[in-house]
Amino acid sequence: MKRMVDVVKTDTLKINEERSKEEIVEELERTKWKRVGKTLAKDWRLYALLIPLLVFLVLLKYRPIYGVLQAFKLGDNPADQVMDQNWFGLRFAKILIDGSYSREFFQAFRNTFVNSAYGLCFGFPLPIFLALLFSEVKNKKYRSVLQVCSYLPKFISTVVITTIIFRWSYQGNEMTNSSPGLLAQLFMNLGLYEGGQNLINTARFFRPIYQVSDIWESCGYGSIVYFAAIIAISPANYEAAKIDGASKLQEIKYVTLPGMAPTLSIMLITRIGSILNIGYEKIILLWVGDGTNNTLDTSDVISTFVYRYRQTTTGGVKSAAVAADLFNSFIAMFLVLGANAISRRVSDTALF
């Protein structure tokens, strides 16, 4: 009899707990928007600061999506608005993959992937290495000077950087008694370059020069995030490693790098997401040079392919260029999703 009473009491308690949970959930649902309103009223200054960012996103990020429709439409008159043109379906995608533009498109896609792969292999580790070097400099004033000097190239105009590259790769001219540039002279002395045209206008030298100049430009600025991650690591961890007899390399291996792991994962995901997004500005400026362009086989990327064909007045060519850019964006999106999923499985750190 006593056991039956205990069972009834237990069941009654469970029922009461379930009812109380349901009542709490209902209360939370009923007062949801009221609580949101109180939060907005309390922190309205912080939310007001988001308004410029939202305006920026709408005008410069979401509004241009309207132009993506150009990849699926073709008008009789190039001046027609996108919505007034005829629906053309996926024919432009087919033209890019197996049509009159397929050779140039796949050449641009290959160059984009190869250039970005080089940038990922060499450009991603170097800022980390530079941040590790900065963290070992104990004199704060000396370290600050070194960091500022490494950041400066990021703030130099792309036009200035490309001008420097041209002056260094200049082949020289006997008619004007002008001497070759620094790089051109060095490569001539090594027997790697025989002249005939500017070094930057030689297809086999374009990628190395582009990658080295890009790393020089962005390496110091990119080290800021990693240096901040190193500073955030507790000094107690280093003290414990020293007590255990760890060398400097062992401290980096077992303390610094694990402490930087979340930051490294996030930065790697974002870098993989932008692996197919190479800006056209620097490449096009490097094309100008002596008025000729002999480097398309190694320098033409998706963005320059789109830029070149978007300049035409033919509607079909413009639509093909937009389709190429849209294809590039889809590949980049899947790369981000894949890298994010892998990072979540391996390290429990992900963007979303």
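Quick look at the structure, then. (Residues numbered from 1 in each chain as written. Predicted model: local features only at pLDDT ≥ 70, side-chain atom pairs only at ≥ 80, totals over all residues. Heavy atoms only, no water.)

So, on to the overall build of the chain. Across its full length, the chain holds 17 helices and two strands. When the 352 residues of the chain are sorted by exposure, 33% land in the buried category. Considering only intrachain contacts with a sequence separation of at least 6, the fraction spanning at least 24 residues in the chain is 64%. (Helix = DSSP H or I, 4+ residues; strand = E, 2+ residues; numbered from the N terminus. Buried < 20%, exposed > 50% of the residue type's maximum accessible area, 1.4 Å probe, protein only. Contact = heavy atoms within 4.5 Å.)

Attention shifts here to the packing of aromatic side chains. This structure, assessed with the given rule, holds 10 aromatic pairs. Ring centres of Phe 124 and Tyr 226 lie 6.3 Å apart, and the angle between their planes is 90°; on these two criteria the pair is classed as edge-to-face. Of this pair, Phe 124 sits in the loop between α6 (102-123) and α7 (125-136) while Tyr 226 sits in helix α11 (residues 203-231), and the two are 102 residues apart along the sequence. Residue class for Phe 124 comes out buried when judged on its relative accessible area of 13%. Ring-pair connections join several aromatic residues into one group, and the members of that group are Phe 105, Phe 106, Phe 109, Phe 305 and Phe 327. Taking NZ or CZ as reference, Lys 282 lies 5.0 Å from the ring centre of Tyr 210, over its face. (Phe/Tyr/Trp six-rings, centres within 6.5 Å; stacked < 30°, edge-to-face > 60°. Lys NZ or Arg CZ within 6 Å of the ring centre and 35° of its normal.)

Below, the discussion takes up the packing of helix α8 (residues 140-151) against α11. The geometry of α8 relative to α11 is characterised by a closest axis approach of 7 Å and an angle of 130° between their N-to-C directions. Here α8 lies oblique to α11, going by the angle between them. Residue-level inspection shows Arg 143, Gln 147, Ser 150 and Tyr 151 of α8 in contact with α11, the latter providing Gly 220, Tyr 221, Ser 223, Ile 224 and Phe 227. Considered class by class, the residues forming the contact of α8 with α11 number four nonpolar, four polar and one charged. (Axes fitted to C-alpha atoms, helices over the stretch in contact; angles between N-to-C directions. Parallel < 35°, antiparallel > 145°, perpendicular 65-115°, else oblique. Nonpolar A, V, L, I, M, F, W, Y, C, P; charged D, E, K, R; others polar.)

This paragraph deals with the packing of α7 against α11. Two numbers describe how α7 lies on α11: the axes approach to 7 Å, and their chain directions differ by 55°. When the interaxial angle is binned, α7 and α11 end up oblique. Classified by chirality, the crossing of α11 by α7 is right-handed. Between α7 and α11, the residues in contact are Leu 126, Pro 127, Ile 128, Leu 130, Ala 131, Leu 132, Phe 134 and Ser 135 and Ile 215, Cys 219, Gly 220, Gly 222, Ser 223, Tyr 226, Phe 227 and Ile 230, respectively. Residues that form the contact of α7 with α11 fall into these classes: 12 nonpolar, four polar and no charged. (Left-handed = near helix turned anticlockwise from the far one by under 90°.)

For the rest of this paragraph, the subject is the nonpolar core. The biggest cluster of nonpolar side chains holds 19 residues, and the ones touching the most others in it are Ile 128, Tyr 226, Ile 230 and Met 260. Sorting the residues of this core by element identifies α7, α11, α12 (235-243) and α13 (248-273) as the ones contributing at least two each. It is α11 that contributes the most residues to this core, six residues altogether. When sequence neighbours within four positions are dropped, the list of residues in contact with Tyr 226 reads Phe 124, Pro 127, Ile 128, Ala 131, Met 260, Thr 263, Leu 264 and Met 267. (Core = buried A, V, L, I, M, F, W, Y, C linked by side-chain atoms within 4.5 Å.)

Here Ser 303 lies in helix α16 (residues 302-310). Assessed through its relative accessible area of 18%, Ser 303 is described here as buried. It is 5.4 Å that separates the C-alpha atoms of Ser 303 and Tyr 280, two residues lying 23 residues apart in sequence. Beyond its immediate chain neighbours, meaning those up to four positions away, Ser 303 contacts Ile 278, Gly 279 and Tyr 280.

All right, on to the pattern of salt bridges then. Going through the model one piece at a time under the given rule, you end up with five salt bridges. Two residues, Lys 282 and Glu 217, come together in a salt bridge whose shortest N-O distance is 3.8 Å. Highlighted residues: Lys 282 in helix α14 (residues 280-288) and Glu 217 in helix α11, separated in sequence by 65 residues. Residues Lys 282 and Glu 217 agree in their burial class; the two are buried. A cluster of three or more residues bridged by salt bridges with shared partners is formed by Glu 104, Asp 300 and Arg 308. (Salt bridge = Lys/Arg side-chain N within 4 Å of Asp/Glu carboxyl O.)

Locating Ser 299 in the fold gives a position in helix α15 (residues 296-299). Look at Ser 299 and you get buried, because its relative accessible area is 0%. For the pair Ser 299 and Arg 207, spaced 92 residues apart in sequence, the C-alpha to C-alpha distance is 7.1 Å. With residues up to four places along the chain from it excluded, the contact list for Ser 299 reads Asn 111, Phe 206, Ile 283, Trp 287 and Thr 304. Separated by 2.8 Å, the side chains of Ser 299 and Trp 287 make a polar contact. (Polar contact = N/O pair within 3.5 Å; in protein donor to acceptor, adjacent residues only side chain to side chain.)

Take the side chain of Asn 340 next. Among the secondary structure elements, Asn 340 is positioned in helix α17 (residues 315-347). Residues in contact with Asn 340, not counting those within four places in the same chain, are Ile 269, Ala 350, Leu 351 and Phe 352.

Mapping Asn 328 onto the fold places it in helix α17. Of the residues examined, Asn 328 reaches a relative accessible area of 4% and is grouped as buried. Residues in contact with Asn 328, not counting those within four places in the same chain, are Leu 276, Asn 277 and Ile 302.

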